[in-house]
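Chains, contacts and geometry: an overview
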Amino acid sequence: EYIRSYYFNKMEVIRFSSSVGKYVGFTELGVKNAEAWNNIPSILSAMRAQKETYCVNHVQNKYAAVLTKS
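Right, let's walk through the structure included here. Computed from a predicted structure; not experimentally measured.

As for the pairing of strand β2 (residues 11–17)
Counting buried positions along β2 gives five out of seven residues, so the element sits mostly inside the fold. Pairing of β2 with strand β3 (residues 22–25) involves four bridges; the strand directions are antiparallel. Within β3, the position partnered with Phe16 by the bridge is Tyr23.

Remarks on the sheet that holds β3
Consider a sheet: its strands pair through backbone hydrogen bonds, and that pairing is either parallel or antiparallel. Pairing in this open sheet of three strands is antiparallel, and the strands run β1-β2-β3 from one edge to the other. Looking at the sheet topology across the chains shown, the edges are occupied by β1 (3–8) and β3. For this sheet, the mean inter-axis angle between neighbouring strands, taken without regard to orientation, is 20°. Bridge count for β1 against β2 is six bridges, and the pairing is antiparallel. Bridging from a neighbouring strand, Ser5 pairs with Arg15 of β2. Most of the contacts of helix α1 (residues 28–38) go to β3, to which it runs at about 165°, and overall it touches β1, β2 and β3. Along the sheet face, helix α2 (residues 41–56) touches β1, β2 and β3 and points at about 100° away from the line of β3.

Things to note about the pattern of salt bridges
Working definition: two side chains of opposite charge can pair if their charged atoms are close together. Throughout the structure, instances matching the rule amount to two salt bridges. Taking the shortest distance from any N to any O, the salt bridge between Lys32 and Glu28 comes out at 3.7 Å. Separated by four residues within a single helix, Lys32 and Glu28 lie in helix α1, roughly one turn from each other. Across the pair, exposure class does not vary: Lys32 and Glu28 are exposed alike.

Focus: the nonpolar core
Core analysis: the biggest nonpolar cluster contains seven residues, these being Tyr2, Ile14, Phe16, Tyr23, Ala34, Leu44 and Met47. Residue assignment for this core shows that the elements contributing at least two residues are β2 and α2. Beyond its immediate chain neighbours, meaning those up to four positions away, Tyr2 contacts Phe16, Ser17, Ser18, Met47, Gln50, Lys51, Tyr54 and Cys55.

Reading the values: the criteria
- Residues numbered from 1 in each chain as written.
- Predicted model: local features only at pLDDT ≥ 70, side-chain atom pairs only at ≥ 80, totals over all residues.
- Heavy atoms only, no water.
- Buried < 20%, exposed > 50% of the residue type's maximum accessible area, 1.4 Å probe, protein only.
- Helix = DSSP H or I, 4+ residues; strand = E, 2+ residues; numbered from the N terminus.
- Pairing = 2+ DSSP bridges.
- Axes fitted to C-alpha atoms, helices over the stretch in contact; angles between N-to-C directions.
- Contact = heavy atoms within 4.5 Å.
- Salt bridge = Lys/Arg side-chain N within 4 Å of Asp/Glu carboxyl O.
- Core = buried A, V, L, I, M, F, W, Y, C linked by side-chain atoms within 4.5 Å.

Right, here's the structure in full:
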């Protein structure tokens, strides 16, 4: 799962989660930004592609590294 969170004053304002597939806001400003960002298909497709970039391509390397050290 890929999660990208945005914080302000140590409080989570907005989060993108690959399992949900869209932005979710936790404050008034975060909710407004989430609604705006969720209505732009290019932003959502770019964030969904981040899962492929960071997670799927590297999980086997990280998993193998952990197993060799145990």
